[in-house]
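# A structural walkthrough
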Amino acid sequence: MKTKLAAFLLPAAVALFVSQLFTDVPGHSAVHAAEAPVFSDTSSHWGASAIAWGVQNHIVDGYADGSFRPDEPVSEPEFLAMLLRAYPEIKLPDAAAGAAWYKPYYDAADTRKWPVLHNADPAKFNRGHVARIITASQKGTQSLNDSIRYLLDQGLSGGKTAATVAGYQAADRLSRAEAVQFIRNLKLKQLRLSPDGTAAPAAPAVPAPSDPKSPTAPVPPHASPAGTAPAAAEAVTVKGIRLGDTAADVIATLGEPARKDLSEYGFHWYIYNQDYSSYAQIGIGSDGKVVGLYSPSANWQLNGLTDGSAKSAVQKQYGQPLASITKGNTRLMMNYGKGEYGTYETDDAYVTFFYDLHRSNVVTSVQAIAKPAEMALTTFYPESSDTLINAYERQIFDLANAVRVKLGKPAFVWDDKVASTARKHSRDMADHSFFNHTNLSGASPFDRMKQDGLTLQAAAENIAAGQTSAIFAHESWMNSEGHRINVLSDIERLGVGVAFGGKMSIYYTQNFYTPK
């Protein structure tokens with residue numbers, strides 16, 4: 001596979017920025033499908049699945065008027081009651097006559113040395129207190145930040161605005177839906193409650209396959225053949241979602257996506273661009289399960305690796321990336337360019353770490369593709385379609401904005417007129433098999449934009465060819481100094497054009513401009 005890049009910048013004055021406003025979508029840990037909710041106010045709520053589970057398991061109930069009030073704040077004793085009801089093996093006495101209904105729950109918390117407030121006012125209880133109680137239930141009392149990190153690392157929370165300590169939003173009030181979701185995540189992880197405030201008993205071990213040469217000797221579940229990189233002991237998670245979750249899990253956890261884009265693999269990416277600081281793409285296969293994950297944001301983790309981890313940390317865990325992937329009778333050789341990314345085989349996926357060469361080779365994004373999906377793609381380049389072209393164009397726009405916001409820049413505004421200019425140039429390069437900013441008629445990017453009626457105060461162009469997807473085109477541009485400058489420039493607007501065909505199979509154009 002060969003790829004090409006080229007950048008073009010027209011010097012001009014700096015203009016005012018126009019940035020877009022994005023609405024936060026609550027992020028929580030992965031959930032699993034449940035029966036439809038029965039309440040009047042939960043059918044379209046992100047927590048509907050968890051709420052149905054909580055009711056079915058007698059952890060929580062609705063109100064006499066048929067509502068659940070999922071966004072109503074929860075007090076500390078209410079949360080403790082839900083948490084302890086989830087573990088029926090813990091037998092609690094009824095409250096003594098004249099005592100508060102919640103005294104047995106506080107007694108249980110005190111016995112386990114949980115850091116409780118002993119305050120029934122919902123206004124005094126927040127997500128930070130929840131993090132400390134849950135963490136204490138597993139490993140003893142920890143600081144607030146360490147407690148939040150524990151929840152994020154264990155996949156018990158995906159954060160509220162991002163999978164970071166700040167993004168967890170510790171000071172926010174806890175809602176009824178969030179309370180049930182946290183407890184459900186504990187149960188899905190098979191985590192128990194500590195008996196004495198030190199450490200919870202270990203979760204039941206998942207039986208390991210037996211070595212056929214010695215039926216009584218279990219094989220380590222993540223053992224690798226000699227000479228290969230170790231497989232991941234944990235699955236990669238993005239915003240609390242992992243491979244194998246259902247589409248219902250994704251929507252229950254993250255809400256409806258902004259759109260659904262066709263991928264080169266044939267599955268559809270659910271695009272979550274409502275908050276560019278926590279951008280993510282979740283791939284859903286034809287069976288309704290997650291088969292792909294991609295994130296350029298601080299909302300993923302894998303075995304302690306996160307956004308900003310050093311390349312050396314990846315190589316310490318996984319060794320050198322794959323030299324090739326064999327699919328049937330075909331061996332596809334991997335070309336990592338200047339080492340800007342590396343692909344590894346884990347138990348259930350092919351995981352690619354992308355590095356930022358301009359920021360000391362830190363991990364800047366991650367992609368995980370389930371093995372069956374990867375094996376089904378037997379060529380580098382997918383078949384062209386208008387649907388795929390539109391998906392690539394919009395993803396390139398989103399990825400540019402995700403990295404801009406990540407690095408402290410305002411988001412671009414999409415511009416249909418300059419996108420049309422970009423599409424025509426990509427189509428021209430594909431049809432006539434050339435790769436240049438100047439077309440065969442001698443027109444520069446500046447000329448082509450003017451011909452399309454644009455008045456320019458500042459303008460620039462990036463082109464690429466041969467990259468297999470919008471993700472790889474974007475990552476390539478960000479590791480090339482001239483292209484990176486254009487993506488991170490003070491220009492206001494962006495349009496993208498993609499075309500299949502020609503010697504390089506696929507051509508990409510980014511046209512940037514600020515109007516006069």
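An unreviewed UniProt entry lists the chain under the name Copper amine oxidase, from Paenibacillus piri.

## Focus: the side chain of aspartate 356
Residue placement: aspartate 356 occurs in strand S15 (residues 349–356). From its side chain, aspartate 356 meets the backbone nitrogen of histidine 358 in a polar contact 2.9 Å long. If near-sequence neighbours (up to four positions away) are discounted, aspartate 356 is found in contact with Asn361, Val362, Thr364, Asn479 and Arg484.

## Some words on the sheet that holds strand S16 (residues 362–370)
Within the open sheet, the seven strands sit side by side as S6-S7-S8-S9-S16-S15-S14. Their pairing is antiparallel. The open sheet has two edge strands with one neighbour each: strand S6 (259–262) and strand S14 (341–345). Shown here is a sheet whose adjacent strand axes are inclined to one another by a mean of 20 degrees, direction ignored. The pairing of S15 with S16 spans eight bridges and is classified as antiparallel. Considered in S16, the bridge of aspartate 356 is made with valine 362.

## A closer look at the pairing of strand S7 (residues 268–272)
By the criterion of burial, S7 is predominantly enclosed, with four of the five residues buried. By the bridge criterion, four bridges tie S6 to S7 in an arrangement that is antiparallel. Residue pairing for S7: leucine 262 is matched across the bridge by histidine 268. The antiparallel hairpin formed by S6 and S7 contains five residues in its connecting segment, where glycine 266 sits at a positive phi of about 100 degrees. Relative to strand S8 (residues 280–284), S7 runs antiparallel, the two sharing five bridges. For tyrosine 270, the partnering residue across the bridge sits in S8 and is isoleucine 282.

## Details of the sheet that holds strand S11 (residues 305–306)
The four strands lie next to each other as S5-S4-S10-S11, forming an open sheet whose pairing is antiparallel. In the strand order of this sheet, the two ends are held by strand S5 (241–242) and S11, each with one partner.

## Topic: the pairing of strand S20 (residues 506–515)
Counting buried residues along S20, nine of its 10 residues qualify, which places the element largely inside the surrounding structure. Taken together, the nine bridges between strand S18 (residues 456–465) and S20 define a ladder with antiparallel strand orientation. Of the residues in S20, the one forming a bridge with alanine 459 is tyrosine 513. Pairing of strand S19 (residues 493–500) with S20 involves eight bridges; the strand directions are antiparallel. By the bridge assignment, glycine 497 is partnered in S20 with threonine 509. Linkage of S19 to S20, two consecutive antiparallel strands, is achieved through a turn of five residues, within which glycine 501 is found at a positive phi near 125 degrees.

## A short note on the nonpolar core
In a soluble, globular protein the nonpolar side chains are often hidden away together inside. With 75 residues, the main nonpolar core has Val250, Ile282, Leu293, Trp300, Phe353 and Tyr508 as its most contacted residues. Considering every element that reaches this core, the biggest residue donor is helix H10 (residues 386–406), with nine residues. In this structure, this core is formed jointly by two domains, domain 2 (237–376) and domain 3 (386–515), each of which donates at least three residues. Those residues in contact with phenylalanine 353 that lie beyond four places of it in its chain are Trp300, Leu302, Leu305, Val314, Tyr318, Glu340, Tyr341, Gly342, Tyr344, Val363, Ser365 and Val366. Counting 46 residues, the second largest nonpolar core, distinct from the first, contains Ala108, Phe125, Tyr150 and Leu186.

## With respect to unusual backbone geometry
One non-glycine residue, histidine 58, adopts positive backbone phi at about 60 degrees. By relative accessible area, which is 66% here, histidine 58 ends up exposed. Positive phi values are uncommon outside glycine, yet serine 433 reaches one of about 50 degrees. As for its placement among the helices and strands, serine 433 is situated in the loop between helix H11 (416–432) and helix H12 (445–451).

## As for the packing of aromatic side chains
Under the criterion given, the structure shown has 22 aromatic pairs. Look at tyrosine 318 and phenylalanine 353: their rings are 5.9 Å apart centre to centre, the planes differ by 40 degrees, and that puts the pair in the tilted class. Of this pair, tyrosine 318 sits in helix H8 (residues 311–318) while phenylalanine 353 sits in strand S15, and the two are 35 residues apart along the sequence. For the pair shown, tyrosine 318 and phenylalanine 353 are each scored as buried. Pairwise contacts between aromatic rings join Tyr294, Tyr336, Tyr341, Phe354 and Phe472 into one cluster. Across from the ring centre of tyrosine 87, 4.2 Å away, lies the NZ or CZ of lysine 187, which sits over that ring. Note that arginine 404 overlies the ring of phenylalanine 412, its terminal NZ or CZ placed 4.0 Å from the centroid.

## Topic: the packing of helix H4 (residues 127–139) against helix H6 (residues 176–188)
To characterise two packed helices, one gives the angle between the axes of the helices and the distance between these axes. Put simply, H4 and H6 touch, their axes get as near as 12 Å, and they point 20 degrees apart. Between H4 and H6, the angle falls in the class roughly parallel. Where H4 crosses over H6, the handedness of that crossing is right-handed. On H6, the residues that touch Arg127, Val130, Ile134 and Gln138 of H4 are Glu178, Phe182 and Leu186.

Cut-offs applied
Residues numbered from 1 in each chain as written. Predicted model: local features only at pLDDT ≥ 70, side-chain atom pairs only at ≥ 80, totals over all residues. Heavy atoms only, no water. Helix = DSSP H or I, 4+ residues; strand = E, 2+ residues; numbered from the N terminus. Polar contact = N/O pair within 3.5 Å; in protein donor to acceptor, adjacent residues only side chain to side chain. Contact = heavy atoms within 4.5 Å. Pairing = 2+ DSSP bridges. Axes fitted to C-alpha atoms, helices over the stretch in contact; angles between N-to-C directions. Buried < 20%, exposed > 50% of the residue type's maximum accessible area, 1.4 Å probe, protein only. Core = buried A, V, L, I, M, F, W, Y, C linked by side-chain atoms within 4.5 Å. Domains from an automatic or database assignment. Phe/Tyr/Trp six-rings, centres within 6.5 Å; stacked < 30°, edge-to-face > 60°. Lys NZ or Arg CZ within 6 Å of the ring centre and 35° of its normal. Parallel < 35°, antiparallel > 145°, perpendicular 65-115°, else oblique. Left-handed = near helix turned anticlockwise from the far one by under 90°.

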